[in-house]
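Take a look at the letters that make up each chain.
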Amino acid sequence: MNNSKRFLFKKVRGRKPACRQTGIPHFVRNDRLLMLSLGIVGLPNVGKSTLFNALTRSKQADAQNYPFCTIEPNVGIVEVPDARLAPLAEVSKAAKIIPTAIEFIDIAGIVKGASEGEGLGNKFLSHIREVDAIVQVVRSFSDGNVTHVQNRIDPKDDADIINLELVLADWQTVSKRLKTAHGKAKGVIPKEIQLELDVLTRIDAHLQTGKPARQLEFTKDEVLVVRDLHLLTMKPMMYVVNNDQDTSNKEPSSAKATAGEAFVIEYDIPHVYINAKIEAELGELSIEDAKEFMKDLGMEQSGLDKVILAGYTLLDLITFLTSGVPETRAWTCPAGTLGPDAAGVIHTDFIKGYIKADIANWKDFVEAGGWSGVKEQGKMKLVGKDYIVQDGDVCYFHVAT
């Protein structure tokens, strides 16, 4: 009989996601953190690099007033603020706190005709083909000192240009793959090749209409073909509207941009409204000073908070927690994840070895003073493999070794 051990976590090295075969999105792994990855796109001079610097609290990205000042992709890692971690760590007397994180990748601006080589072309899109979602920044601010490449302020038209260039980049990918598949389709066509041909042909026809691939529906078998293409327009996307002023508390009224007014580009795509200039100023302050500055401005959330919330909602993600003497830690997984797959976010070996888990709501855990307290008060659940992990669950996995 195998022995049973209770695991809080196990450090995993390397960037290869350990959860791809469990239906969990492609998260980035490194020595310390399990991260959601977001790619930032947009026309030149819309505030992409300014936003990147603000979100990552750095000056890594060049944000000068000329097109294509960003050549190499900027990559920044941001810890996700989570007010639950500190009280959990205090109760558990944890030696350290490790929040979950988001990786932002900022690439060079894309211009109209990029697929045909205009500007710097679309070669930089390769840097975001494996991100989990796309953040498209559009400009709704007027500044005579910051030149717009189209010499006008029209966020809807900006978005149309970028969306078409993403479609055309995907069409190039699909066309090349389709040509290769046709080369394999000789004589008696194997079932898997025929499936690939059918899927690629359907996507190719759809992209030629100028529409994103995410509008199509695929069977379970077809998804396997589509996933290997790493299509940009299959990825979930949000718009970040860079305004002259903070419009976070204003309701969108139309798809037309007016000064300081929230507006909608596409009603089925999430929007986040920010002022990248203010966010950049916040990024240069200490955490406490930034909070005071936000209070003075009447801001309830920072741009980072808004983007994180929108990203988690867009991808339907939740955060579960582990807490003990070694560390208190946050983990990200999709809503609806079963216990074994949640354990698999920590280490894939835990999926096969999963036996059961102790579960407590984080508030109950803190108020009761830890595991012994929630157990005594009847607020701890012992669950099996069919338990669906909830946001805010403190989990203690029992895994066979």
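Peer 1: Would you explain the overall build of the chain in this entry?
Peer 2: When helices and strands are counted, the chain shows 12 helices and 14 strands. Across the 401 residues that make up the chain, the buried fraction comes to 51%. Taking all contacts inside the chain whose residues are at least 6 apart in sequence as the whole, residues at least 24 apart take part in 68%. Put simply, the chain shows about 19,300 Å² of open surface, and 51% of that area lies on carbon and sulfur atoms.

Peer 1: Before we go on, may I ask you to explain the packing of aromatic side chains in this structure?
Peer 2: Each aromatic ring pair is characterised by the separation of its centres together with the angle its planes make. All told, the structure shown has four aromatic pairs when counted by the stated rule. Site record: aromatic cluster; members linked through ring pairs are Phe320, Tyr354 and Phe397.

Peer 1: Sorry, what's going on with the confidence of the model for the chain here?
Peer 2: Low pLDDT means the predicted atomic positions in that stretch should not be read closely. Confidence along the chain averages 81 in pLDDT terms, with 77% of residues attaining 70 or more. Averaged over each element, pLDDT in the chain is lowest for strand β1 (residues 4-7) (33) and highest for helix α11 (residues 362-368) (98). Predicted confidence is poor over residues 1-33, with pLDDT under 50, and the contacts of this stretch with residues over four places away or in other chains come to 99 contacts.

Peer 1: How should the environment of Ala335 be read in this particular structure?
Peer 2: Considering the arrangement of structural elements, one finds Ala335 in the loop between β11 (328-334) and α9 (339-346). For Ala335, a relative accessible area of 34% gives the class partly exposed. Considering only alpha carbons, one finds Ala335 and Ile318, 17 residues apart in sequence, at a separation of 5.6 Å. Excluding anything up to four places from it in sequence, Ala335 contacts Asp316, Leu317 and Ile318.

Peer 1: Honestly, the nonpolar core in this entry has me stumped. Any pointers?
Peer 2: Soluble globular proteins tend to pack their nonpolar side chains together in the buried interior. One finds Leu38, Ile102, Phe104, Leu125, Ile128, Val240 and Val307 to be the most contacted residues of the largest nonpolar core, which totals 50 residues. For this core, the elements supplying multiple residues, two or more each, are β3 (34-41), α1 (48-56), β6 (101-106), β7 (133-140), α3 (155-184), β8 (237-243), β9 (271-274) and α8 (303-314). When sequence neighbours within four positions are dropped, the list of residues in contact with Phe104 reads Leu38, Ile40, Phe52, Leu55, Thr56, Asn74, Val75, Gly76, Val78, Leu304 and Val307.

Peer 1: Can you walk me through the packing of α1 against helix α6 (residues 276-283) in this structure?
Peer 2: A pair of packed helices is characterised by two quantities: the angle between their axes and the separation of those axes. Their axes nearest at 8 Å, the elements α1 and α6 cross at an angle of 35 degrees. Handedness of the α1/α6 crossing: left-handed. Facing Thr50, Leu51 and Ala54 of α1, the residues of α6 in contact are Ala276, Glu279, Ala280 and Gly283. In terms of residue class, the contact of α1 with α6 is made up of four nonpolar, two polar and one charged.

Peer 1: Help me understand the side chain of Asp204, please; the structure alone is not making it clear to me.
Peer 2: Summarising the element assignment, Asp204 is placed in helix α4 (residues 191-207). A distance of 2.9 Å separates polar atoms of two side chains, one belonging to Asp204 and the other to Trp171. Setting aside its immediate chain neighbours within four residues, Asp204 contacts Trp171, Val174, Ser175 and Leu178.

Peer 1: Got a minute to help me understand the environment of Tyr354 in this structure?
Peer 2: Take Tyr354: it is sitting in strand β12 (residues 354-361). A sequence separation of 15 residues divides Tyr354 from Gly339, and the C-alpha atoms of the two residues are 8.1 Å apart. If we skip the residues at most four places from it in the chain, Tyr354 touches Gly339, Pro340, Ala343, Val383, Gly384, Lys385, Phe397, His398 and Val399. Within the structure, Tyr354 has its side chain in polar contact with the backbone oxygen of Gly384 (distance 3.2 Å).

Peer 1: I would appreciate a short explanation of α9 in the present structure.
Peer 2: Each turn of an α-helix holds 3.6 residues, which means side chains three or four residues apart point in the same direction. Most of α9 sits out of view: seven of its eight residues are buried. The set of residues buried in α9 consists of Gly339, Pro340, Ala342, Ala343, Gly344, Val345 and Ile346.

Peer 1: Even after reading the chapter, I still don't get the pairing of strand β4 (residues 74-79), so can you show me in this structure?
Peer 2: One face of the sheet, then the other: side chains in a regular strand alternate in exactly this way. Along β4, the buried face is formed by Asn74, Gly76 and Val78; none of Val75, Ile77 and Glu79, which line the opposite face, is buried. When β4 meets β6, the two strands line up antiparallel, connected through six bridges. Paired with Asn74 across the strands is Asp106, a residue of β6.

Peer 1: Just checking my understanding: could you explain the packing of α4 against helix α5 (residues 220-227) for this structure?
Peer 2: Where α4 meets α5, the axes come as close as 10 Å, and the angle between the chain directions of the two elements is 70 degrees. When the axes of α4 and α5 are compared, the pair comes out roughly perpendicular. Together, Leu195, Glu196, Val199, Arg202 and Ile203 of α4 and Asp221, Glu222, Val225 and Val226 of α5 make up the contact between the two elements. Of the residues in the contact of α4 with α5, the class split is five nonpolar, no polar and four charged.

Peer 1: It is not clear to me how the state of the cysteines should be interpreted in this structure. Could you clarify?
Peer 2: Following the criterion strictly, the structure yields zero disulfides and no others. You can see Cys333 has no disulfide; the closest cysteine sulfur is in Cys395, sitting 8.2 Å from it. Among the residues examined, Cys333 registers a relative accessible area of 0% and is labelled buried.

Peer 1: Sorry, what's going on with the pattern of salt bridges here?
Peer 2: Should the charged atoms of two oppositely charged side chains come close, the side chains can pair. Evaluated as defined, the whole model comprises 10 salt bridges. With a shortest N-O distance of 2.9 Å, Asp82 and Arg84 are connected by a salt bridge. Grouping residues by exposure puts Asp82 and Arg84 together as buried. The salt bridge involving Asp391 is made with Arg84; its shortest N-O contact spans 3.1 Å. One end of the pair, Asp391, is in the loop between β13 (381-383) and β14 (393-400); the other, Arg84, is in the loop between β4 and α2 (85-92), and 307 residues separate them in sequence.

The rules we used
Residues numbered from 1 in each chain as written. Predicted model: local features only at pLDDT ≥ 70, side-chain atom pairs only at ≥ 80, totals over all residues. Heavy atoms only, no water. Helix = DSSP H or I, 4+ residues; strand = E, 2+ residues; numbered from the N terminus. Buried < 20%, exposed > 50% of the residue type's maximum accessible area, 1.4 Å probe, protein only. Contact = heavy atoms within 4.5 Å. Areas by Shrake-Rupley, 256 points an atom, 1.4 Å probe, with all protein chains shown as cover. Phe/Tyr/Trp six-rings, centres within 6.5 Å; stacked < 30°, edge-to-face > 60°. pLDDT = per-residue confidence, 0-100. Core = buried A, V, L, I, M, F, W, Y, C linked by side-chain atoms within 4.5 Å. Axes fitted to C-alpha atoms, helices over the stretch in contact; angles between N-to-C directions. Left-handed = near helix turned anticlockwise from the far one by under 90°. Nonpolar A, V, L, I, M, F, W, Y, C, P; charged D, E, K, R; others polar. Polar contact = N/O pair within 3.5 Å; in protein donor to acceptor, adjacent residues only side chain to side chain. Pairing = 2+ DSSP bridges. Parallel < 35°, antiparallel > 145°, perpendicular 65-115°, else oblique. Disulfide = S-S within 2.5 Å. Salt bridge = Lys/Arg side-chain N within 4 Å of Asp/Glu carboxyl O.

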